[in-house]
Amino acid sequence: MGGRMTSTAASENLIPEVRGLVFFGFPLHPPKQPATKRGDHLAKVTQPMLFLQGTRDDLADLKLLKPICKMLGDRATLDVIEGADHSFHVLKSSGKSDSKILCELAHTTADWASKLE
């Protein structure tokens with residue numbers, strides 16, 4: 001499922017067997033329309049959440065997402081990928097390849113998941 005659908009289901013306790021949620025680019029708002037309404041339900045999610053977000057993601061302004069993650073406290077971990085867009089594509093000038101970014105995402109996710117109770 002997509003991030004918002006999954007987190008909505010979790011906020012309604014429809015997937016209690018899920019031990020944690022990983023968002024590969026949480027869609028906080030439509031492109032170029034910064035808002036936080038799409039994240040309001042996250043306060044009701046009881047599972048740990050990992051947010052993997054690029055600094056160039058048009059669907060999640062980090063100035064809006066960071067306070068949400070802070071409000072969620074220990075339930076939220078935010079990992080910011082410098083220069084990545086919503087699909088985790090990076091510019092060639094970053095010195096990294098898309099495949100290198102995907103490997104980093106996989107390692108970050110595996111490390112986070114290994115710490116879940």
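Residues numbered from 1 in each chain as written. Predicted model: local features only at pLDDT ≥ 70, side-chain atom pairs only at ≥ 80, totals over all residues. Heavy atoms only, no water.

Caption draft 1: Local environment of the overall build of the chain. The secondary structure content of the chain amounts to three helices and three strands. From first element to last, N terminus to C terminus, the chain shows the α and β order α-β-β-α-β-α. Counting all 117 residues of the chain, 38% fall into the buried class. For the chain, long-range pairs separated by at least 24 residues make up 69% of all intrachain contacts whose partners lie at least 6 apart in sequence. Surface exposure of the chain reaches about 7000 Å², of which carbon and sulfur atoms provide 56%. Across the chain, the centroid of the 15 positively charged side chains sits 4 Å from that of the 14 negatively charged ones. (Helix = DSSP H or I, 4+ residues; strand = E, 2+ residues; numbered from the N terminus. Buried < 20%, exposed > 50% of the residue type's maximum accessible area, 1.4 Å probe, protein only. Contact = heavy atoms within 4.5 Å. Areas by Shrake-Rupley, 256 points an atom, 1.4 Å probe, with all protein chains shown as cover. Lys, Arg positive; Asp, Glu negative; His and termini not counted. Charge placed at Lys NZ, Arg CZ, Asp CG, Glu CD.)

Caption draft 2: Here's a closer look at the sheet that holds strand β3 (residues 76-81). The parallel open sheet is built from three strands, whose spatial order is β1-β2-β3. Each edge of the sheet is formed by a strand with only one pairing partner; in this case those strands are β1 (21-24) and β3. Within the sheet, the average angular offset between the axes of one strand and its neighbour, ignoring direction, is 15 degrees. Both strand β2 (residues 49-54) and β3 contribute to a ladder of six bridges, which runs parallel. Its bridge partner being in β3, M49 is matched across the sheet by A76. Along the sheet face, helix α2 (residues 62-72) touches β2 and β3 and points at about 165 degrees away from the line of β2. (Pairing = 2+ DSSP bridges. Axes fitted to C-alpha atoms, helices over the stretch in contact; angles between N-to-C directions.)

Caption draft 3: Spotlight on unusual backbone geometry. Phi is positive for N13, close to 55 degrees, though the residue is something other than glycine. Mapping N13 onto the fold places it in the loop between α1 (3-11) and β1. Of note, the phi angle at F88 is positive, near 65 degrees, even though the residue is not glycine. Considering the arrangement of structural elements, one finds F88 in the loop between β3 and α3 (98-114). Residue F88 is classed as buried on the basis of its relative accessible area of 5%.

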